[in-house]
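# Structural characterization, general
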Amino acid sequence: MNYRKLLINLGIVSLMSLPVVLGSGEKAKAQRRVLTIHNHTEANLTELYVSPEWSRYWGQNQLDGILKPGDSATVIITGNTCEYDILARDGNYQEVPPGGFGEFNVCDNDHFALTDSTMRVVQWP
């Protein structure tokens, strides 16, 4: 077997694929988005997670402390998708609102309200 020829061919194939790899990296630039989450519940929120809707993992808690009723928190996310899931929990690890999380388009909206019964987009001046 001619190993020198094999190595040369592998080198040529690698060089030919390099522009494709570099070019695709430029298209997939992550965008920075600032979201505001408003706590319109009666609960003190201790956990807030924002992750792409296709992700199987929630990632890190976005709250530094407690988000009290009537308060708002700013969350900065980076990604190249628009569809995100938002999950909030109170001090007893109960989901707020009860029963789950919301799926939101963060490209079109940047303010979200949590109420005792739902999570919704808020139109903000």
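Please read these numbers as outputs of a predicted model, since none were measured by experiment.

## Concerning the sheet that holds strand E5 (residues 102-105)
With respect to topology, three strands assemble into an open sheet ordered E2-E4-E5, the strand pairing being antiparallel. Strands with a single pairing partner mark the edges of an open sheet, and in this sheet they are strand E2 (45-52) and E5. Averaged over all neighbouring strand pairs, the angle between strand axes comes to 30 degrees, with direction disregarded. Alignment of E2 against strand E4 (residues 83-90), held across seven bridges, turns out to be antiparallel. Residue pairing for E4: Pro52 is matched across the bridge by Tyr84.

## Regarding the sheet that holds strand E6 (residues 111-115)
Sheet architecture is open: four strands sit in the order E3-E1-E6-E7, paired in mixed fashion. Each edge of the open sheet carries a strand with a single partner, namely strand E3 (72-79) and strand E7 (119-121). With direction set aside, neighbouring strand axes in the sheet form an average angle of 30 degrees.

## Some remarks on the packing of aromatic side chains
By the definition in use, this model includes two aromatic pairs. Judged by centre distance (6.4 Å) and plane angle (55 degrees), the ring pair of Tyr49 and Trp58 falls under tilted. The class of Trp58 is partly exposed, set by a relative accessible area of 25%. Here Phe104 and Phe112 contribute two aromatic rings whose centre-to-centre distance is 4.7 Å and whose plane-to-plane angle is 55 degrees, an arrangement assigned as tilted. You'll find Phe104 and Phe112 in the same group, each marked buried.

## Points about a negative patch on the surface
A surface patch of negative charge is lined by Glu53, Glu83, Glu103 and Asp108. Inspection of the secondary structure assignment puts Glu53 in the loop between E2 and E3.

## Section: the confidence of the model for the protein
The predicted model of the protein averages 78 in pLDDT, with 73% of residues at 70 or higher. Mean pLDDT per element in the protein: helix H1 (residues 3-27) is the minimum at 45, and E2 is the maximum at 93. Segment residues 1-27 is flagged for pLDDT under 50; beyond a separation of four residues in sequence, or across chains, it makes zero contacts in the model.

Conventions used here
Residues numbered from 1 in each chain as written. Predicted model: local features only at pLDDT ≥ 70, side-chain atom pairs only at ≥ 80, totals over all residues. Heavy atoms only, no water. Pairing = 2+ DSSP bridges. Helix = DSSP H or I, 4+ residues; strand = E, 2+ residues; numbered from the N terminus. Axes fitted to C-alpha atoms, helices over the stretch in contact; angles between N-to-C directions. Phe/Tyr/Trp six-rings, centres within 6.5 Å; stacked < 30°, edge-to-face > 60°. Buried < 20%, exposed > 50% of the residue type's maximum accessible area, 1.4 Å probe, protein only. Patch = residues over 30% accessible without salt bridge, like charges linked within 9 Å, V, L, I, M, F, W, Y side chains within 5 Å. Areas by Shrake-Rupley, 256 points an atom, 1.4 Å probe, with all protein chains shown as cover. Salt bridge = Lys/Arg side-chain N within 4 Å of Asp/Glu carboxyl O. Lys, Arg positive; Asp, Glu negative; His and termini not counted. Charge placed at Lys NZ, Arg CZ, Asp CG, Glu CD. pLDDT = per-residue confidence, 0-100. Contact = heavy atoms within 4.5 Å.

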